[in-house]
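A look at the structure
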Amino acid sequence: MEKSTLNTALAWRSGKHSDLADMQHALLQNHVRQAMHSAFYNEKFTRLGLHPQDITSLHDLPALPLTSRQDLNNASHLFQAACDEDIVDLSLTSGTTGSPVQVPYTKNDLTRLALNEAIAFWGAGVRPKDRFLVCVTLDRCFIAGLAYYSGMVELGATAIRSGPGQPARQWQLIKQLRPAGLIGVPSFLLEMARWGQEHGYSPPDMGITSLITIGEPIRRADFALTALGEELTQAWNAPIYVSYGATELETGISECKQGCGGHIHPEMSLVEIIDDQGNLVADGEPGELVVTPLGVEGFPLVRFRTGDITRLYREPCACGWQTPRIGPIEGRLAQRLKVRGTTIYPDIIFQTLQKISAIEAAYIEVRAAYDLSDDIHVVVGTRQTLDAKEVESLLQAQLRVRLTVEIQALELVQKTMSGGHKPKKFFDLRDKKI
Ligand SMILES: [Zn+2]
């Protein structure tokens, strides 16, 4: 990818483009044409009598069928749209919501991903002179670490491929190589800061000027930092910029320096927010994020339902970019809880629990209650003495929903949560008979 491509992409973002809809329409048509090289979409679109040339404008997008994660879990190999000779990387999804899905990338897909990330890094204030410690897995068939790395290279900045874990080793690299920023999962970046404090370092004085995070939510729907986010930004004395991505989408959506939502790259993806019936919701209203990545060759998905709840904002950003943004991820659709007409997601419960430092682990059990509400039971683990009623009162006051709290020994809670790829924090027992 020529450097001028990145410069052109950056310059383009600051302008208003009356021909944007036409450009996206052409890209969508090409994308659907490419998708029809896959067995899945060829069969599906042919059965529906749908031809790429029938897409006469962007308004036809909602008429295209949605693609669910279940479709991928059933037969992900049917989605490959390029021949094996053109595939250069096979990534796997983490498999938290089913078995891992294989996602084949062509060389052009990797180039596209690098440009996607380079634009995002620029928006977050990264410049070619900067060094960043990439504390994200680069191997094990994960794509995120590779995306960050190639984005840094594309931008001309310096990536330090540290990978996750081992705070002592991370500190060795920070001391020796003096990175300007860290990229990683929030709880691990906080663990690094704490390890440093305990071993005679002063994290706020290490010259870290930005933290780019992935995975765990650190912003509430109103963009304010969660307790974890506050603790993290204070620990390193550095602002946090959230990045969002899904392996299947081959697309990242990241915050600029304003920290008020992740910028969508309109030349690389089409974003919709839908309600339970599949209708578009109004801008600023919560709904499920649906993404159609544009220009993908190996695994071109059409209207992929991410299962993540967020909101769309179209007004120009204070950073100068005109591109639309999505807000913080508020939860997973499958984990939506309803209590007497109020909708909440487990994430907000965990974010509230972060305010109580004695709580070291927690999980939620949800059962169907007789009044069609969900019965939420929160189990927290601690090594200290805690009053369940006090935790219950805090949660009820902050969230304004009825729930129950149980205190257990930390080891017991950790045992219940263990056994999976990540600690299990949500036990959905709503299908079970009471
Ligand atoms: Zn911005």
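Residues numbered from 1 in each chain as written. Predicted model: local features only at pLDDT ≥ 70, side-chain atom pairs only at ≥ 80, totals over all residues.

1. Digging into the overall build of the chain
Per the secondary structure count, the chain includes 12 helices and 21 strands. In terms of C-alpha radius of gyration, the chain reaches 22 Å, essentially the compact-globule figure of 22 Å for 434 residues. Based on the C-alpha atoms only, the size of the chain along its principal axes is roughly 65 × 60 × 40 Å. Residue burial in the chain is summarised as follows: out of 434 residues, 42% are buried. The contacts of the chain with a sequence gap of at least 6 include a subset with a gap of at least 24, amounting to 67%. (Helix = DSSP H or I, 4+ residues; strand = E, 2+ residues; numbered from the N terminus. Rg over C-alpha atoms; globule rule 2.2 N^0.38 Å. Buried ≥ 20, exposed ≤ 12 C-beta atoms within 10 Å, placed from the backbone. Contact = placed C-beta atoms within 7 Å.)

2. Here we look at the sheet that holds strand β3 (residues 131-134)
Spatially, 9 strands are ordered β4-β3-β5-β6-β7-β8-β9-β14-β13 in an open sheet, and the strand pairing comes out mixed. The open sheet is flanked by β4 (158-160) and β13 (312-313), the only strands paired with a single partner. Alignment of strand β9 (residues 262-263) against strand β14 (residues 325-326), held across 2 bridges, turns out to be antiparallel. Note on β14: the bridge partner recorded for His263 is Arg325. Here helix α5 (residues 107-123) sits on the sheet and contacts β7 (240-246), β8 (251-255) and β9; the angle it forms with β8, its principal contact strand, is near 0 degrees. (Pairing = 2+ DSSP bridges. Axes fitted to C-alpha atoms, helices over the stretch in contact; angles between N-to-C directions.)

3. A word on the environment of Thr8
Of note, Thr8 is situated in helix α1 (residues 3-13). Each C-alpha atom of the pair Thr8 and Leu337 lies 44 Å from the other, and the pair is 329 residues apart in sequence.

4. A closer look at the nonpolar core
Counting residues in each nonpolar core, the largest one holds 108 residues, and the members touching the most others are Phe121, Phe132, Val134, Ile183, Leu232 and Val380. Among the domains, domain 1 (1-331) and domain 2 (336-428) are the pair contributing at least three residues each to this core. (Core = buried A, V, L, I, M, F, W, Y, C linked by C-beta atoms within 7 Å. Domains from an automatic or database assignment.)

5. Here's the deal with the sheet that holds strand β11 (residues 287-293)
Judged by pairing direction, the sheet is antiparallel, and its 4 strands sit side by side in the order β10-β11-β12-β15 without closing on themselves. Only two strands of the sheet have a single partner each, and these edge strands are β10 (269-274) and β15 (331-332). Bridge analysis of strand β12 (residues 304-310) against β15 gives 2 bridges, and the strand direction is antiparallel. Considered in β15, the bridge of Asp308 is made with Arg332.

6. Observations regarding helix α6 (residues 144-155)
Helical geometry: 3.6 residues make up each α-helical turn, so side chains three or four residues apart lie on a common side. End to end, α6 covers 16 Å across 12 residues, agreeing with the expected 16 Å (1.5 Å per residue, within 8%). Burial analysis of α6 places 11 of its 12 residues in the buried class, which makes it a mostly covered element. Just downstream of α6 lies Gly156, where phi reads positive at about 95 degrees. (Expected span 1.5 Å × (residues − 1).)

7. Examining the domain arrangement of the chain
How big an interface is tends to be stated in terms of the accessible area lost upon association of its parts. By domain assignment, the chain separates into domain 1 (1-331) and domain 2 (336-428). Taking only C-alpha atoms, the centre of domain 1 and the centre of domain 2 are 29 Å apart. Here the side of domain 1 that touches domain 2 is composed, by residue class, of 4 nonpolar, 5 polar and 2 charged. (Nonpolar A, V, L, I, M, F, W, Y, C, P; charged D, E, K, R; others polar.)

8. Points about the packing of helix α10 (residues 346-353) against helix α11 (residues 388-399)
When two helices pack together, their arrangement is given by the angle between the helix axes and by the axis-to-axis distance. Close contact between α10 and α11 brings their axes to 10 Å; oriented N to C, the two are set at 125 degrees. With respect to α11, the axis of α10 lies oblique. When you trace α10 past α11, the crossing you get is right-handed. Contact residues: α10 offers Ile348, Ile349 and Thr352, while α11 offers Leu394, Leu395, Gln398 and Leu399. Per-class residue counts for the contact of α10 with α11 are 5 nonpolar, 2 polar and no charged. (Parallel < 35°, antiparallel > 145°, perpendicular 65-115°, else oblique. Left-handed = near helix turned anticlockwise from the far one by under 90°.)

9. Let's talk about unusual backbone geometry
Located in the positive-phi region is Asn237, a residue other than glycine, with phi close to 50 degrees. Located in the positive-phi region is Glu250, a residue other than glycine, with phi close to 55 degrees. Relative to the assigned elements, Glu250 resides in the loop between β7 and β8. On the basis of neighbour count, Glu250 is assigned to the buried category, with 28 C-beta atoms found within 10 Å.

10. Focus: the pairing of strand β18 (residues 361-368)
Alignment of β18 against strand β19 (residues 374-382), held across 8 bridges, turns out to be antiparallel. Directly across from Ile364, in β19, lies its bridge partner Val378. Bridge count between β18 and strand β21 (residues 426-428): 3 bridges; the pairing is parallel. Bridging from a neighbouring strand, Glu365 pairs with Phe427 of β21.

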